[in-house]
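What follows is each chain in one-letter form.
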Amino acid sequence: MASSSVKVAVRVRPFNSRETNRGAKCVIQMQDKSTCIINPKQPKDAPKNFTFDYSYWSHSSEEDPSFASQGKVYQDIGEEMLLHAFEGYNVCIFAYGQTGAGKSYTMMGKQDPGQQGIIPQMCEDLFRQTAENTDPDLSFSVEVSYMEIYCERVRDLLNPKSRGSLRVREHPIMGPYVEDLSKMAVTNYSDIADLMDTGNKARTVAATNMNETSSRSHAVFTILFTQRRHDHMTSLDTEKVSKISLVDLAGSERADSSGARGMRLKEGANINKSLTTLGKVISALADMQGTKKRRSDFIPYRDSVLTWLLRENLGGNSRTAMIAALSPADINYEETLSTLRYADRAKQIKCNAVINEDPNARLVRELKEEVNRLKELLLSQGLSNLITASGEHPHVFTPVINTRLRRSQCTETEKIIAELNETWEEKLRKTDSIRQEREALLAEMGVSVKEDGGTVGVFSPKRTPHLVNLNEDPLMSECLIYYIKDGVTRVGQEDVDIRLSGQFIKELHCVFCSEVSENNEGESDHVTFLTFTVSHKCKRYVTKDFCAFE
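What counts and what doesn't
- Residues numbered from 1 in each chain as written.
- Predicted model: local features only at pLDDT ≥ 70, side-chain atom pairs only at ≥ 80, totals over all residues.
- Heavy atoms only, no water.
- UniProt positions renumbered as here; feature names shortened; annotations may be inferred.
- Helix = DSSP H or I, 4+ residues; strand = E, 2+ residues; numbered from the N terminus.
- Buried < 20%, exposed > 50% of the residue type's maximum accessible area, 1.4 Å probe, protein only.
- Pairing = 2+ DSSP bridges.
- Axes fitted to C-alpha atoms, helices over the stretch in contact; angles between N-to-C directions.
- Contact = heavy atoms within 4.5 Å.
- Core = buried A, V, L, I, M, F, W, Y, C linked by side-chain atoms within 4.5 Å.
- Phe/Tyr/Trp six-rings, centres within 6.5 Å; stacked < 30°, edge-to-face > 60°.
- Salt bridge = Lys/Arg side-chain N within 4 Å of Asp/Glu carboxyl O.
- Lys, Arg positive; Asp, Glu negative; His and termini not counted.
- Polar contact = N/O pair within 3.5 Å; in protein donor to acceptor, adjacent residues only side chain to side chain.

- Within an unreviewed UniProt entry, the label attached to the chain reads Kinesin-like protein, and the organism entered is Cyprinus carpio.
- The annotation that UniProt attaches to the chain under Sequence similarities (unreviewed entry) is "Belongs to the TRAFAC class myosin-kinesin ATPase superfamily. Kinesin family."
- Taken directly from UniProt, the Subcellular location (unreviewed entry) text for the chain runs: "Cytoplasm, Cytoskeleton".

### Observations concerning the overall build of the chain
Then comes step 1: A tally of helices and strands in the chain yields 12 helices and 28 strands.
Then comes step 2: Relative to its 550 residues, the chain shows a buried fraction of 44%.

### Points about the sheet that holds strand E4 (residues 34–37)
Then comes step 1: Spatial ordering of the open sheet is given by E3-E4-E5, a layout of three strands whose pairing is antiparallel. Where the open sheet ends on each side, the last strands, each with one partner, are strand E3 (28–31) and strand E5 (48–51). Neighbouring strand axes in the sheet, compared pairwise and without regard to direction, differ in orientation by 20 degrees on average.
Then comes step 2: As paired strands, E4 and E5 are joined by four bridges and run antiparallel to one another. Residue Ile37 lies in a different strand from E5, and its bridge partner there is Lys48.
Then comes step 3: Sheet strands touched by helix H9 (residues 333–346): E3, E4 and E5. Its angle to E5, the strand with the most contacts, is close to 35 degrees.

### Focus: the side chain of Ser145
Then comes step 1: Take Ser145: it is sitting in strand E8 (residues 138–150).
Then comes step 2: Under the relative-accessibility criterion, Ser145 is labelled buried at 7%.
Then comes step 3: Those residues within four positions of Ser145 in sequence are excluded, and the remaining contacts are Leu158, Leu181, Ser182, Val220, Phe221 and Thr222.

### Let's talk about the nonpolar core
Then comes step 1: The biggest cluster of nonpolar side chains holds 51 residues, and the ones touching the most others in it are Val10, Ile37, Val154, Leu249, Leu278, Leu314 and Met322.
Then comes step 2: Of all the secondary structure elements, the ones that give two or more residues to this core are strand E2 (7–12), E3, strand E7 (91–96), E8, helix H7 (263–290), helix H8 (305–309), strand E17 (319–326) and H9.
Then comes step 3: Counting residues per element, this core draws most heavily on H7, which supplies eight residues.

### Let's talk about the UniProt feature "binding site: ATP" (unreviewed entry) in the chain
Then comes step 1: The feature "binding site: ATP" (unreviewed entry), as given by UniProt, occupies Gly97, Gln98, Thr99, Gly100, Ala101, Gly102, Lys103 and Ser104 in the numbering adopted here.
Then comes step 2: The exposure class of Gly97 is buried, given its relative accessible area of 0%.
Then comes step 3: Tracing the backbone through its elements, the reader meets Lys103 in helix H3 (residues 103–107).
Then comes step 4: Looking at Lys103, the relative accessible area reads 6%, which means it is buried.
Then comes step 5: Non-local contacts of Lys103, meaning those with residues more than four positions away in its chain, are made with Ala95, Tyr96, Gly97, Gln98, Asp248, Leu249, Ala250, Gly251 and Ala325.

### Thoughts on the packing of aromatic side chains
Then comes step 1: Tallying each qualifying case throughout the model produces seven aromatic pairs.
Then comes step 2: Seen from their ring centres, Tyr54 and Tyr56 are 5.8 Å apart, and the 5 degrees between their planes marks the pair as stacked.
Then comes step 3: For Tyr54, a relative accessible area of 21% corresponds to the partly exposed category.
Then comes step 4: Between the aromatic rings of Tyr96 and Tyr342, the centroid separation amounts to 3.9 Å while the plane-to-plane angle is 10 degrees, which identifies the pairing as stacked. Highlighted residues: Tyr96 in strand E7 and Tyr342 in helix H9, separated in sequence by 246 residues. With respect to class, Tyr96 is no different from Tyr342; both count as buried.

### A few points about the pattern of salt bridges
As a working rule, side chains carrying opposite charge can pair if their charged atoms are close by.
Then comes step 1: If you walk through the whole model with that rule in mind, you get 17 salt bridges.
Then comes step 2: Close ionic contact of Glu179 with Arg169 constitutes a salt bridge, the shortest N to O distance being 3.3 Å. Taken together, the positions of Glu179 in the loop between strand E11 (175–178) and strand E12 (184–186) and Arg169 in strand E10 (residues 168–171) put the pair 10 residues apart, joining distant regions of the chain. The burial state of Glu179 is the same as that of Arg169; both residues are buried.
Then comes step 3: Between Asp432 and Arg435 there is a salt bridge, with its nearest N and O atoms 2.5 Å apart. Placement of both Asp432 and Arg435 in helix H12 (residues 424–444) is noted, with a separation of three residues, approximately one turn of the helix.
Then comes step 4: Classification of Asp432 as partly exposed rests on a relative accessible area of 31%.

### Overview of the pairing of E4
Then comes step 1: Two elements, E3 and E4, share four bridges in a ladder whose sense is antiparallel. Looking across to E4, one finds that Ile28 is bridged to Ile37.
Then comes step 2: Where E3 hands over to E4, the hairpin turn is made up of two residues, of which Asp32 adopts a positive phi near 55 degrees.

### Some words on the side chain of Asp156
Then comes step 1: Here Asp156 lies in strand E9 (residues 153–156).
Then comes step 2: Buried and without a salt bridge, Asp156 has Arg438 as its closest oppositely charged side chain, separated by 8.3 Å.
Then comes step 3: Side-chain polar atoms of Asp156 contact the backbone nitrogen of Leu158, separated by 3.0 Å.
Then comes step 4: In this structure the side chain of Asp156 is engaged in a polar contact, spanning 2.7 Å, whose partner is the side chain of Ser182.
Then comes step 5: Once residues lying within four places of it in the same chain are set aside, the contact partners of Asp156 are Tyr146, Ser162, Leu166, Asp180, Leu181 and Ser182.

Next comes the structure, spelled out in C-alpha cells:
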C-alpha cells in the first residue's frame, strides 16, 4: 500500500471579455511553486501566500517564457497519472474553481492544435503507449463511460436510450457505483474521441453573466484500463485493472454575480450544494491527517451524489490530483481567495493507493460466495421458488420483509458477475449495437450522420409528422422543424406545445390531432388532422406525414 498526498496545482487564465470591458486588474502573482494574491480593497496589506505542487501562469501570451501551455500541464500531471495507471493504480484528476475560471478548458480544451486538454491528451498517449508494446504475452483493453451529475441526478451521456436518471447504488465489495451505466469498448483513439464528442454535445450548458458556456453539471469521464499478462511458468493469466476518473466539476457561483434566475438559479443552488459537501469532505479528511482522530469519524460522503461516487478518490484507493482554476481579476477576488483556500486544504489529504492486481478473479469468487450465501438464506426459509437468475417472477409476494432485500441483493450480484464474465467480443458487439441505435435515433430526428460519426446536416424526417418554416429568403426556409407528437399538439402563443409569434397568431391558434394507423402493408402510418380555433375558409388534406390547407 502506497500512502501519498493529493497533488494540487493552480492555474490562472487570461482576462475574459467581461473582465476586460470592466477594466479589471490582475491580483495574482506566481513564482515557482508559490502563488500570492493581493487584496484590491486593501493594497497596503501583505499579500496572502500559498504553496502548491505546481503553479501555472497562463495569464500572459505564449511568447512569455513563464507561460504554461496545455502541453505543460499534461506533461506535469497527466503523464504522471498515466504512469500510475500502467502500474495498476486507480487514478483521478479533477478540476475545481468558480464558473468561467477555465476548468473545462484545462480538462477538455479545444480541438485546435495545441489546445487539447488533459482528457484527450491522456487518451491519445494511452493508445500510443499500448501500440508500442512488443511483448506478445501482454495485451490491453480499454472501456470508457461518460456521465454527468445534473441537479443531483446522474445521466448517461453515451447511451441515447437512457433518458431518465440512473440509480446510484452501493455494493459491499465494489462500493458505490451507477447502475446500468453504459461502458463502451474502444480499440483506438479515434473511437474514444468520437465518444468524447458525443458526450460533450449531450452535456448541460447554459449562458450566465459570468460565462457564455457555463457547465451546469459535473462531468465524470471514466476509463477502465485492463492489462492481461500470460505467465508461461505457471500457465496463469493475471490482470491489472486501473480505473482512471477524469472529473470536470461545475463552477461555484454567486447568484448576484452570475445573474441567475429561474432554472439557472436552481441549477446554481444544486451545484453549490454539492461543492459545499465536497469542501466538507476535504476538510474532514484534512483534519483527520492533522490530528490523531479515529478512522471511524464521520465524513459526509453521502450528503451529495458527487462525493459518494468519488469516495475512493478522496482519501481512498487512488492516486489523486486536483487542478484549481483561478480568475486573475480583482472583481473576482473573494471567489479566487476561496478557491486557493480550498486547494490548500486538499493538499493535506493522504490517499492509500494499492496496485489492483487481478481483481476480477478475486471479485468473481467473492461474488459467487455471496450468491451462494444468499441462496442458502432463501432455502433455509423455504423460499426456493424465489431463487432465479434474473428475477423472472417479480410479482411474487412474501410477508417476510428481508426476503425481498436478499433476493434483490442476489439478483444484483449475479448481474455484476455476468458483466465481469462478459467477453471482449461481446463488449465490442454491445458497443456497436448502441452506436447503431444512436445513429438510427438521430436519423429519425432528422440529423444525418457520416460513417465516422461526424454530423453532416439536418433533413426532414420521413415518418414523423412535422412542420417546417417558410421565409422570403430561400436560404432561411426549412431551417426550423416543429415535431407533432402523438395525440394533441397545441399551437399558439401561450401555454402551448409549439409557440409561434406574429401579429395574426392567436393565443391558441390551432390544434393538430395525430393518430397512428396501419396501412395495407401492415406498417404504421401517422394520420394528422388540423383544427383551427377561429373561423377559416379552408380545405383540409390529410396525409400520413403532414396536413396542408388552402
